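Summary of the model geometry
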Amino acid sequence: MQVCIAHLYPELMNLYGDRGNVIALERRAAWRGWEVEMRRVGLGDPFDLGEADLIFLGGGEDRSQQLIFRDLLEEKAASLRRAVEQGAAVLAICGGYQLLGRHYRPAQGDEIPGLGLLDAHTEAGERRLIGDVVAESPPLGGATLVGFENHSGRTFLGEGVTPLARVRAGFGNNGEDGTEGAVWRGVVGTYLHGAVLPKNPALADYLLRRAMEHRAGRPVELSPLDDAAEERAHRALLHRPGGRR
Ligand code: GLN
């Protein structure tokens, strides 16, 4: 069986180890005997995202978001939307997550329009929200998520999306309502960098399972992996001071 992972704007949208997410996805698929096709999709690249089973968009500073949003809206939106409608999985981190919502209003410069794929919008606040995050995720069966956040944007969710998690430590979407990230269909947005997937195998497998079901056209059970190293990395962050506790 084959699985196709598309990595959007790998040069421009890559902060705090976000690239490690595609490595984790690739490894976890390969360890299960799947053949992985990796596609790096940059500015002006005409690759049809409807071909992908899993699409990854990392975080980026305001400047990077300004550089990519036109290409995202004009060249990638239609095929990304089609992929999601067909059940593909999407993971977007921080600046990438913000661009899946309706808009991001930075502290300086014009509002950046988003894809509107997620019912959410983001406004920059005065203080950056920085630190380690520990959050509990009902959509992942109550799994705990750990990661690192650094953003000025405050994201507010609408009725059309479900929070990915509730923060136990750290700020999450906006530092006010206790939510972190968003889920809609196969789309997951989160502020967690780190990279988030190597140390949160529950989230990696949630996405991979959707990707594999998209490819196979039927329900798929993922075989268990030896996650001892992943669990050690996860636990190390659970007990690290930082963020708001
Ligand atoms: N520009 C965004 C913010 O600061 C995203 C930053 C990031 O991706 N880490 O809110």
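As a starting point, this report considers the structure included with it. (Residues numbered from 1 in each chain as written. Predicted model: local features only at pLDDT ≥ 70, side-chain atom pairs only at ≥ 80, totals over all residues. Heavy atoms only, no water.)

Moving on, we get to the sheet that holds strand 12 (residues 187-190). Here we have six strands laid out as an open sheet, ordered 2-1-3-4-12-11, and mixed in their pairing. The outermost strands of the open sheet, each flanked by one partner alone, are strand 2 (35-41) and strand 11 (182-184). Neighbour to neighbour, the strand axes of the sheet diverge by 15° on average, direction disregarded. Pairing of strand 3 (residues 54-57) with strand 4 (residues 89-93) involves four bridges; the strand directions are parallel. Paired with Ile55 across the strands is Val90, a residue of strand 4. Sitting on the sheet, helix 4 (residues 201-216) touches strand 1 (2-8), strand 3, strand 4, strand 11 and strand 12, and the angle it makes with strand 4 is about 145°. (Pairing = 2+ DSSP bridges. Helix = DSSP H or I, 4+ residues; strand = E, 2+ residues; numbered from the N terminus. Axes fitted to C-alpha atoms, helices over the stretch in contact; angles between N-to-C directions. Contact = heavy atoms within 4.5 Å.)

Quick look at the site of the ligand now. The immediate surroundings of the ligand are formed by 16 residues, with Asp62, Gln65, Cys94, Gly95 and Gly153 found nearest. Between the ligand and Gly153, the relevant distance is 2.7 Å, taken from an oxygen atom to a main-chain nitrogen or oxygen of the residue. In the environment of the ligand, a nitrogen atom lies 3.1 Å from a nitrogen or oxygen atom belonging to the side chain of His193. Broken down by secondary-structure element, the contributors of at least two residues to the shell around the ligand are helix 2 (62-85), helix 3 (95-100) and strand 8 (143-157). If one sorts the elements of the shell around the ligand by residue count, strand 8 sits on top with four residues. Partitioning the shell around the ligand into residue classes produces three nonpolar, 10 polar and three charged. (Near = heavy atom within 4 Å. Polar contact = N/O pair within 3.5 Å; in protein donor to acceptor, adjacent residues only side chain to side chain. Nonpolar A, V, L, I, M, F, W, Y, C, P; charged D, E, K, R; others polar.)

This paragraph deals with the packing of aromatic side chains. This model, assessed by the stated rule, comprises two aromatic pairs. Both rings, one in Tyr16 and one in Phe148, keep their centres 5.3 Å apart while their planes meet at 80°; by these two values the pair is edge-to-face. With Tyr16 in the loop between strand 1 and helix 1 (20-31) and Phe148 in strand 8, this residue pair connects regions lying 132 residues apart in the sequence. Note on Tyr97 and Tyr191: the rings are 5.3 Å apart at their centroids and 75° apart in plane angle, and the pair reads as edge-to-face. In this pair, Tyr97 sits in helix 3 while Tyr191 sits in the loop between strand 12 and helix 4, placing the two residues 94 residues apart along the sequence. Note on Tyr97: relative accessible area 2%, which makes it buried. (Phe/Tyr/Trp six-rings, centres within 6.5 Å; stacked < 30°, edge-to-face > 60°. Buried < 20%, exposed > 50% of the residue type's maximum accessible area, 1.4 Å probe, protein only.)

Scope: geometric values only; no functional claims are made or implied.
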